[in-house]
Amino acid sequence: MSSDPAWTAERPCPADRAAQLIGASFPALRGLPVALLAEGWDNTVHVVGGTWVFRFPRRKIALPGLERELAVLPRVAARLPLPVPLPELVAADDDPTDPWPFTGARLLPGLELPATRLPEESRIPAAAATGSFLRTLHAADTQAAVDVDLALDPMQRGWPRARIGSTRELLSRLVTDRTWPEDPGVDRLLTEAEALEAPSRAPVLVHGDLHVRHLLLDEAGDAAGVIDWGDVCLADPAVDLSLAYTAFTGESRAAFFHSYGEIDADRELRARALGVRISALLAGYAAGVNNPTILDEALAGLRRVVE
């Protein structure tokens, strides 16, 4: 598998470029080692001096999300039971016509869940901690603390029908590319979810894009932090609860909901359907950039979501 042009950055930022920008804006960090930590759809992430994490947008579409993070995270970080990256250093690159912002936050120790390759039976502590985290994030007093105008589910992630066609296309492409063998259970789930109307209940504050790459785990396999808040918004809780169905199953999923609280069948179906979409997107991305670790976890997510 070779790199897919669909994931090519509009504004690449390799380590030498990051070091140049950071040194120019923050002289105290000049000369510290800069190492690539991760690349995602929207951001390139570098560790600086083993202490700071700097995020550089890879696509223009990511810029509004960065502004949302800057507005929301300082207002909620102290309330949440898991660490989140709190932007402390903010600057802009040196593009002469369209400078893009970049941010620095203290490094949160831990690995993205896929990188841990944690077996199913060892995920119970992480699941319980994540359920507790989302219970707090979705609470009314947390939302009340964010005196910022946020959009109502702008990507319509809580309404499966809104993107059902493209979700099926993603799955079909995985089958055609022989990345995924197809599962009739996934098709039945999407068919059932397609009948749902748009969510009508009061929205809550959500992370907005909570998938397996955005949950950090420590060496013991416990939850260590939640990263990448560019899609924070108001939405149905199902938008975040999809993680319960893609990352956990069996006893670990039970531990998640023991901490979070029970949900009804409508919300469960929305969460599972979104889990299908997110897992298919991650699988396509991982195949395109030749990352077998993320691919394995994404394909496992397609299996777990119907269990």
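Please refer to the structure higher up on the page.
Summarised in this report is the structure supplied together with it. None of the values given here were measured: they were computed from a predicted structure. (Residues numbered from 1 in each chain as written. Predicted model: local features only at pLDDT ≥ 70, side-chain atom pairs only at ≥ 80, totals over all residues. Heavy atoms only, no water.)

### Quick word on the overall build of the chain
Helices and strands together make up the secondary structure of the chain, namely eleven helices and ten strands. In summary, the chain has a C-alpha radius of gyration of 19 Å against a globular reference of 19 Å for 307 residues, a match within 12%. Counting only C-alpha atoms and orienting by the principal axes, one finds that the chain spans roughly 55 × 45 × 40 Å. Evaluated residue by residue, the chain yields a buried proportion of 53% over its 307 residues. A sequence separation of at least 24 residues applies to 72% of the contacts in the chain between residues at least 6 apart. With an accessible surface of roughly 13,600 Å², the chain has 54% of that area assigned to carbon and sulfur atoms. (Helix = DSSP H or I, 4+ residues; strand = E, 2+ residues; numbered from the N terminus. Rg over C-alpha atoms; globule rule 2.2 N^0.38 Å. Buried < 20%, exposed > 50% of the residue type's maximum accessible area, 1.4 Å probe, protein only. Contact = heavy atoms within 4.5 Å. Areas by Shrake-Rupley, 256 points an atom, 1.4 Å probe, with all protein chains shown as cover.)

### Description of the packing of helix α8 (residues 238-246) against helix α10 (residues 265-288)
Where α8 meets α10, the axes come as close as 7 Å, and the angle between the chain directions of the two elements is 70°. Accordingly, the angle class assigned to the pair α8 and α10 is roughly perpendicular. Every residue of α10 that contacts α8 at A238, V239, L241, S242, Y245 and T246 is listed here: R267, E268, R270, A271, R272, L274, G275, I278 and S279. Among the residues forming the contact of α8 with α10, the class breakdown is seven nonpolar, four polar and four charged. (Axes fitted to C-alpha atoms, helices over the stretch in contact; angles between N-to-C directions. Parallel < 35°, antiparallel > 145°, perpendicular 65-115°, else oblique. Nonpolar A, V, L, I, M, F, W, Y, C, P; charged D, E, K, R; others polar.)

### Concerning the side chain of D231
Within the fold, D231 resides in the loop between β9 (223-226) and β10 (233-235). Of the residues examined, D231 reaches a relative accessible area of 19% and is grouped as buried. A distance of 3.5 Å separates the side chain of D231 from the side chain of R157, its partner in a polar contact. Leave out the neighbours within four places in its chain, and D231 touches R68, R157, H207, G208 and D209. (Polar contact = N/O pair within 3.5 Å; in protein donor to acceptor, adjacent residues only side chain to side chain.)

### Regarding empty space enclosed by the protein
The tally for this structure, following the rule as stated, stands at two cavities of 30 Å³ or more. Q156, R157, W159, P160, R163, I164, T167, L190, A273, L274 and R277 are the residues that line the largest cavity. Those elements that provide at least two residues to the lining of the largest cavity are α6 (164-176) and α10. Per-element accounting of the lining of the largest cavity gives the leading share, three residues, to α10. Considering only residue class, the lining of the largest cavity consists of six nonpolar, two polar and three charged. Forming the boundary of the second largest cavity are H211, V212, T246, I278, S279, L282, E297, A298 and G301. When contributions to the lining of the second largest cavity are tallied by element, the ones reaching two or more residues are α10 and α11 (292-304). Across the lining of the second largest cavity, the residue classes tally to four nonpolar, four polar and one charged. (1 Å grid on protein atoms, 1.4 Å probe; cavity = no way out; pocket = protein on both sides within 12 Å on 5 of 7 lines; lining within 4 Å. Points joined across faces, edges and corners; volume = space filled by probe spheres on them.)

### So, the packing of aromatic side chains
Two descriptors summarise a pair of aromatic rings, namely the distance from one centre to the other and the angle between the planes of the rings. For the coordinates displayed, the defined rule picks out ten aromatic pairs. Between F56 and F102, the ring centres sit 4.7 Å apart and the planes meet at 25°, which makes this aromatic pair stacked. Placement of F56 in strand β3 (residues 52-57) and of F102 in strand β5 (residues 101-106) is noted, with a sequence separation of 46 residues between them. For the pair F56 and F102, a shared accessibility class is recorded, and that class is buried. An aromatic cluster of three or more residues is present, and its members are Y245, F248, F256, F257 and Y260. Positioned above the aromatic ring of W100, the side-chain terminus of R11 is 3.9 Å from the ring centre. (Phe/Tyr/Trp six-rings, centres within 6.5 Å; stacked < 30°, edge-to-face > 60°. Lys NZ or Arg CZ within 6 Å of the ring centre and 35° of its normal.)

### A look at the nonpolar core
Where a protein is soluble and globular, its nonpolar side chains tend to be buried together. Counting 68 residues, the largest nonpolar core has F133, W229 and F256 as the members making the most contacts within it. For F256, the contacting residues outside a window of four places in its chain are A127, A128, T130, G131, L134, L241, A244 and F248. Counting residues in hydrophobic clusters, the runner-up holds 14 residues, among them C13, A18, W52 and F102. (Core = buried A, V, L, I, M, F, W, Y, C linked by side-chain atoms within 4.5 Å.)

### Points about the environment of L205
Locating L205 in the fold gives a position in strand β7 (residues 204-206). In sequence terms L205 and A139 are 66 residues apart; their C-alpha atoms lie 7.8 Å from each other. With residues near it in sequence (within four places) discarded, L205 still touches V76, L137, H138, T142, Q143, V146, L150, V232, C233 and L234.

### Observations regarding α11
Between its first and last C-alpha, α11 extends 18 Å over 13 residues, near the 18 Å set by a 1.5 Å rise per residue. Of all the residues in α11, the buried ones are I294, L295, E297, A298, A300, G301, L302 and R304. Tucked inside the fold, the buried residues of α11 contact α3 (113-116), α6, α7 (184-194), α8, α9 (250-260) and α10. (Expected span 1.5 Å × (residues − 1).)

### A look at the pattern of salt bridges
Scanning the model with the defined rule gives 25 salt bridges in all. With its nearest N and O atoms 2.6 Å apart, the salt bridge here joins R17 to D94. Note that R17 is positioned in helix α1 (residues 15-25) and D94 in the loop between β4 (87-92) and β5, a separation of 77 residues in sequence. As a salt-bridge pair, R75 and D147 come within 2.6 Å of each other at their nearest N and O atoms. Residue R75 is found in helix α2 (residues 63-76), and its partner D147 is found in the loop between α5 (140-144) and α6; the two are separated by 72 residues along the sequence. Connected through salt bridges with shared partners, the residues E120, R123, E297, R303, R304 and E307 form a single ionic network. (Salt bridge = Lys/Arg side-chain N within 4 Å of Asp/Glu carboxyl O.)

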